[in-house]
Amino acid sequence: MTMDFNQHVIEQFRAGQGRVGPPFEDARLLLLTTTGARTGTRHTTPLGYLLDEDPGRLYVIASAGGSPRHPAWFHNLRKNPRVTVETGAFTYEADAHILEGAERDRIFARATGTDPGWARYETASGRTLPVVVLDPAGPPAPAAARPGDGLKLIHDAFRKELAIVRKEVAESGGGLGAQLRINCLAVCQGLSHHHTMEDAHMFPHLDEQYPEIADVMARLRREHEEIARLLEELQRLVAGEHTDRAAVSAEVDRLTAQVEAHLDYEEENLIPILNANAP
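Note that the structure is a prediction, hence the values are computed from the model and not measured.

A.B. asks: Could you give an account of the overall build of the protein, naming the residues involved and the relevant values?
C.D. replies: A tally of regular secondary structure across the protein gives 8 helices and 8 strands. Rg of the C-alpha trace for the protein: 20 Å, near the compact-globule value of 19 Å for 279 residues, within the 12% margin. Seen through its C-alpha atoms, the protein measures out along the principal axes to roughly 65 × 50 × 30 Å. Across the 279 residues that make up the protein, the buried fraction comes to 44%. By sequence separation, contacts in the protein at least 24 residues apart represent 69% of the contacts at least 6 residues apart. If you sum the accessible surface of the protein, you get close to 14000 Å²; carbon and sulfur atoms cover 53% of it. One way to put it: in the protein the 29 positive side-chain charges average out to a point 7 Å from where the 41 negative ones average out.

See the structure below:
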């Protein structure tokens, strides 16, 4: 990608808090900021990424669009492995580690199993494309100042991820590859963690401060239980040795419909309250 095009994507990403237009509107995209190996200057690059079984851990591939040379960001992190990651909902520091040998090959095979474009880039480049793991080095900082706005960003991230997984499953052919299984499990783990944190922290606070919305809170808790059952069923299907793609697709559709309705209701009722007393 050219510098001008990169900058356009970066500006879109930040203005839209993770949302961008064509050709990346349906892609998993992050902004990676590295420190220049020679200059010490900070440089930001938009990159596609892969999810991992380990929550929070992400992988990026130094494809450079099939160029015969490694991209500048890769040279930067080889010398300065502490990087900044922006996901739209959060910004956090991470430590970059370059994978070697069998571990690199395993992750790259996962990538090509989901998107053959990675293999085409490697062939065109004439080099072995490096795979880099990004491990969070600290707690993420929300990209929104007000708590209600932060909740909306998190919800939108789940909406986008569900839409991507739904599309991936529908287009997966006869079965589910390793990376697609991980994508399904990752969205399940993320939703489960988000609801657990709400149940343990945000909801009790709202119960105490706003007893007049007791009916709303009761409904949200019931919906958390319903969604938990759907998440368990999807994880069971995905973990099966002989996965029925049609059954997974139907379950993802059912989960998506339930989650979207739940998020809409929660936003309608809680965002005004959460933002009311924010500075």
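Next comes the rest of the description.
A.B. asks: Go over the pairing of strand S6 (residues 90-98) with me, naming the residues and quoting the values.
C.D. replies: Sheet topology note: the strand S5 (residues 82-86)/S6 ladder contains 5 bridges and is antiparallel. Opposite Glu86, over in S6, you have Thr91 as the bridge partner. Counting the residues that bridge the hairpin from S5 to S6 gives 3 residues, and of these Gly88 lies at a positive phi of roughly 105°. As paired elements, S6 and strand S8 (residues 141-142) share 2 bridges and run antiparallel to each other. Pairing of Thr91 across the sheet is with Ala141, part of S8. Across 5 bridges, the pairing between S6 and strand S7 (residues 131-136) is antiparallel. Bridged to Asp95 within S7 is Asp135.

A.B. asks: Tell me what's going on with unusual backbone geometry, and back it up with residues and numbers.
C.D. replies: Going from Pro22 to Pro23, the amide bond is cis rather than trans, its omega being 5°. The topology assignment puts Pro23 in the loop between helix H1 (3-15) and strand S1 (29-35). Although it is not a glycine, Gln17 sits at a positive phi angle of roughly 50°. Here Gln17 is to be found in the loop between H1 and S1. The exposure class assigned to Gln17 is partly exposed, which follows from its relative accessible area of 34%.

A.B. asks: For the nonpolar core, give the residues involved together with the corresponding values.
C.D. replies: Judged by nonpolar contacts, the single largest core of 21 residues is most densely connected at Val169, Leu234, Val248, Leu255 and Val259. At the level of elements, helix H5 (147-170), helix H6 (178-209), helix H7 (214-239) and helix H8 (245-276) are the ones that each hand at least two residues to this core. Ranked by residue count, the leading element in this core is H7, at 6 residues. Once residues within four sequence positions are removed from consideration, Val169 is found in contact with Leu180, Cys184, Arg245, Val248, Ser249 and Val252. Grouped together as the second largest cluster of nonpolar side chains are 19 residues, Tyr49, Val83, Val85 and Leu134 included.

The rules behind each value
Residues numbered from 1 in each chain as written. Predicted model: local features only at pLDDT ≥ 70, side-chain atom pairs only at ≥ 80, totals over all residues. Heavy atoms only, no water. Helix = DSSP H or I, 4+ residues; strand = E, 2+ residues; numbered from the N terminus. Rg over C-alpha atoms; globule rule 2.2 N^0.38 Å. Buried < 20%, exposed > 50% of the residue type's maximum accessible area, 1.4 Å probe, protein only. Contact = heavy atoms within 4.5 Å. Areas by Shrake-Rupley, 256 points an atom, 1.4 Å probe, with all protein chains shown as cover. Lys, Arg positive; Asp, Glu negative; His and termini not counted. Charge placed at Lys NZ, Arg CZ, Asp CG, Glu CD. Pairing = 2+ DSSP bridges. Core = buried A, V, L, I, M, F, W, Y, C linked by side-chain atoms within 4.5 Å.

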